[in-house]
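Residue-level structure breakdown
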Amino acid sequence: MNTNGAPRDAFERERLDNVRPPHWRNPQPARRYGLVIIGSGTAGQVAAYEAAALGARVALIEHGLFGGNCLNVGCVPSKSIIRTSRLYAEMRNAKQYGVQVPRDIRVDFAAVMRRMRGIRARISRDESVRRLVAANVDVFFGDARFSGTDTVTVDGTELRFRRALIATGARPDTPSIPGLAEAGYLTNETVFDLTEAPRRLLVIGGGPLGCEMAQAFCRLGVATIIAQERPLFLPREERDAAQILAESFARDGMEVRLNARAVGVRVEHEQKLVDLVTDGDTSTVAVDAILTGTGRVPNVDELNLEAAGVSYDNTIGVHVDDFLQTGNRRIYAAGDACLADKFNHTADASARVAVGNALLSGRQRVSALVIPWCTYTDPEIAHVGLYVRQALERRIPVKTFTIPMHDVDRAITDDDEMGFVKIHVRERTDRILGATIVARHAGEMINEITLAMVSGIGLETIARTMHSYGTPRPRGSNSQLTPSAARV
Ligand SMILES: Cc1cc2nc3c(=O)[nH]c(=O)nc-3n(C[C@H](O)[C@H](O)[C@H](O)COP(=O)(O)OP(=O)(O)OC[C@H]3O[C@@H](n4cnc5c(N)ncnc54)[C@H](O)[C@@H]3O)c2cc1C
């Protein structure tokens, strides 16, 4: 992980002081630890606090920056610049809301990134090394490698454990495009170090990361092209959700290239020329920077897992059972290092499951978690539970209720009419199987559905519950949201 690229301003000094204190000296190890954790991202830190609170002797090993992906190069910096980019988009649309603004709105990119660094520094206080040490956790900096079935070494020092947790996260996948490495490219590990915006940017990859970043940069005034190999963005999501996103990108003025595969990069006259193949036709785009967002690879290959008797592969990561236990009964895994759902909240929840199972002989199943997620584009795209195709694969009969956002008063008053709320229930019941929400605040709205699913609350109860005026509800009677009067 990049530790040096961003300007060393007061914010960066504060962050680094919190997440990688200078002159750090590793402690003298205990004779044996109740839990040794590898990785200090969300999963590692949550596990450390939980285990220490249970009275276990805990060691945590980190080879980069405390806080891992989310704090340093993921959720926190990306959501910070997305917020500013949305403001710029609104300013450009101000006339639509009856507000006069100067025609030429100048983007102060350096200030946008400075604000992001300030937010990151502030949040780093909550994820600091000192806080964890104060919680009675022994913190070691260095590369962790298993040296046996109950030992890990960190920079030559051996730590013996009763239980261990692998929480080493994931890193950006590097697409093998001829010429890309030589031309140079950005990933999420380097893009937040920028202080000057590229004039023209190509984003390769139309998953959550690529979509969020492409829209943000486009709205920050960068001439942005997004190339996605598949016919739609966010391949996991429902087609109409992905379709709305493509329309939204086009409205922002982004150049959208679907079914487009980058096959070669070369540098000419200080610009990067990228060949894109679409339906057999090759075209070339000229840009100043390339950002890749083509997936994430679990950090497992440098852990010497063979010595610990833990099986893994480079796609899924550490192999775990439903209790997050590996083939070595002493060793567990959590977060991006082993889960297909690579989110901050799943790292958190899975760490709690793993610690409970490892230290309290619990039998919590990771498959029992109800996991919502959201892609923070505009509109946001959030989902929880089953998609229709998954329900049908499992032979569960489904009925779908849809409310388009253009039927929602609040969306109309806010000029946010792109999107919908779709809730899937088991046919002839009101049991919620899943939901997709495409709306400006979908990330918040999905949580009501998640709560209902976790608590066994049916759609009829949601429909009967009084909601403050303006939330998605068809105009007219409340009963319109009950299955008997469903709009499918
Ligand atoms: C740009 C971007 C935006 C994102 N936005 C969101 C979002 O909005 N919402 C959301 O839910 N998720 C988001 N995510 C995903 C989220 O950041 C991850 O799912 C989450 O951080 C995973 O946490 P983790 O603890 O499993 O791993 P990580 O945070 O990756 O932590 C793993 C740690 O282990 C350390 N490590 C690795 N190998 C070793 C070793 N051998 N020895 C010692 N230490 C080691 C690493 O240095 C790292 O600090 C985003 C990700 C990216 C890249």
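Residues numbered from 1 in each chain as written. Predicted model: local features only at pLDDT ≥ 70, side-chain atom pairs only at ≥ 80, totals over all residues. Heavy atoms only, no water.

In the vicinity of the ligand there are 37 residues, among which Glu62, Asn69, Lys79, Asp336 and Asn344 approach most closely. Between threonine 42 and the ligand, the recorded distance is 3.1 Å, taken from a backbone N or O atom to an oxygen atom. In the environment of the ligand, an oxygen atom lies 3.4 Å from a nitrogen or oxygen atom belonging to the backbone of cysteine 70. Those elements giving two or more residues to the shell around the ligand turn out to be helix H2 (42-53), strand S2 (58-62), helix H3 (68-73), helix H4 (75-92) and helix H11 (344-359). Looking at which element gives the most residues to the shell around the ligand, the answer is H3, with 4 residues. Classifying every residue of the shell around the ligand by side-chain character gives 15 nonpolar, 17 polar and 5 charged. (Near = heavy atom within 4 Å. Polar contact = N/O pair within 3.5 Å; in protein donor to acceptor, adjacent residues only side chain to side chain. Helix = DSSP H or I, 4+ residues; strand = E, 2+ residues; numbered from the N terminus. Nonpolar A, V, L, I, M, F, W, Y, C, P; charged D, E, K, R; others polar.)

If you walk across this open sheet you meet the 3 strands as S11-S12-S13, and the pairing is antiparallel. Every interior strand has two partners, whereas the edge strands, strand S11 (260-268) and strand S13 (281-287), have only one. Direction aside, the axes of adjacent strands within the sheet are offset by 25° on average. In this structure, strand S12 (residues 271-278) lies alongside S13, joined through 7 bridges in antiparallel fashion. Residue valine 277 lies in a different strand from S13, and its bridge partner there is threonine 282. (Pairing = 2+ DSSP bridges. Axes fitted to C-alpha atoms, helices over the stretch in contact; angles between N-to-C directions.)

The full count for this structure, using the stated rule, is 8 aromatic pairs. Measuring from ring centre to ring centre gives 6.5 Å for tryptophan 373 and tyrosine 387, while their planes differ by 50°; the resulting arrangement is tilted. Separated by 14 residues along the polypeptide, tryptophan 373 in strand S19 (residues 373-375) and tyrosine 387 in the loop between strand S20 (380-385) and helix H12 (388-393) bring together distant segments of the chain. These aromatic residues form a ring-pair network of at least three members: Trp24, Phe66 and Phe141. In this arrangement the basic side chain of arginine 236 is found over the ring face of tryptophan 373, its NZ or CZ atom lying 3.9 Å from the centre. One Lys or Arg, lysine 422, reaches over the ring of phenylalanine 420 and ends 5.2 Å from the middle of that ring. (Phe/Tyr/Trp six-rings, centres within 6.5 Å; stacked < 30°, edge-to-face > 60°. Lys NZ or Arg CZ within 6 Å of the ring centre and 35° of its normal.)

Another aspect to go through is the packing of H4 against helix H8 (residues 208-219). Two elements in contact, H4 and H8, have axes separated by 8 Å at closest approach and are oriented at 45°. One element, H4, and the other, H8, form an angle in the oblique class. H8 is crossed by H4, and the crossing has left-handed handedness. The residues of H8 that touch H4, namely those facing Ser78, Lys79, Ile81, Ile82, Ser85, Arg86, Tyr88, Ala89 and Arg92, are Glu212, Met213, Ala216, Phe217 and Arg219. Class assignment of the residues belonging to the contact of H4 with H8 gives a composition of 7 nonpolar, 2 polar and 5 charged. (Parallel < 35°, antiparallel > 145°, perpendicular 65-115°, else oblique. Left-handed = near helix turned anticlockwise from the far one by under 90°. Contact = heavy atoms within 4.5 Å.)

Look at H2 against H11: their axes get within 8 Å of each other, and the N-to-C directions meet at 40°. Of the two possible hands of crossing, H2 and H11 adopt the one that is right-handed. The segment H2 lies against H11, with Thr42, Ala43, Val46, Ala47, Glu50 and Ala51 engaging Asn344, Ala347, Asp348, Ala351, Arg352, Val355 and Leu359. For the contact of H2 with H11, the class distribution of residues is 8 nonpolar, 2 polar and 3 charged.

Assigned domains within the protein: domain 1 (10-172 + 297-368), domain 2 (180-294) and domain 3 (379-487). For domain 1 versus domain 2, the distance between C-alpha centres works out to 28 Å. At the interface, 25 residues of domain 1 touch 17 residues of domain 2. Around 1700 Å² of area is buried between domain 1 and domain 2 when both sides are counted, 64% of it from carbon and sulfur atoms. Linking domain 1 with domain 2 are 2 salt bridges, by the criterion used here. Residue glutamate 212 is joined to lysine 79 by a salt bridge in which the shortest nitrogen-to-oxygen separation is 2.7 Å. Across the contact surface, domain 1 and domain 2 share 5 residue pairs in polar contact (both at pLDDT 80 or more). Only H3, H4, helix H5 (109-124) and strand S7 (170-172) provide two or more residues apiece to the side of domain 1 that touches domain 2. (Domains from an automatic or database assignment. Buried area = accessible area lost by both parts, 1.4 Å probe. Salt bridge = Lys/Arg side-chain N within 4 Å of Asp/Glu carboxyl O.)

One open sheet accounts for 5 strands, arranged S19-S20-S23-S22-S21; its pairing is antiparallel. With one partner strand each, in any of the chains shown, S19 and strand S21 (398-404) form the two edges of the open sheet. Along the sheet, successive strands turn relative to each other by an average axial angle of 10°, direction set aside. As paired elements, S21 and strand S22 (residues 420-426) share 7 bridges and run antiparallel to each other. Of the residues in S22, the one forming a bridge with threonine 400 is histidine 424. The sheet strands contacting helix H9 (residues 239-252) are S20, S22 and strand S23 (432-439), and the helix crosses S22 at an angle near 170°.

Looking now at unusual backbone geometry. Put simply, aspartate 378 and proline 379 share a cis peptide bond, and its omega is 0°. Examined against the element boundaries, proline 379 turns out to sit in the loop between S19 and S20. Backbone geometry places histidine 23, a non-glycine residue, at a positive phi of 60°. The topology assignment puts histidine 23 in the loop between helix H1 (10-19) and strand S1 (33-38). Accessibility expressed as a relative area gives 79% for histidine 23, which makes it exposed. Positive phi, close to 55°, is recorded for asparagine 304, a residue that is not glycine. (Buried < 20%, exposed > 50% of the residue type's maximum accessible area, 1.4 Å probe, protein only.)

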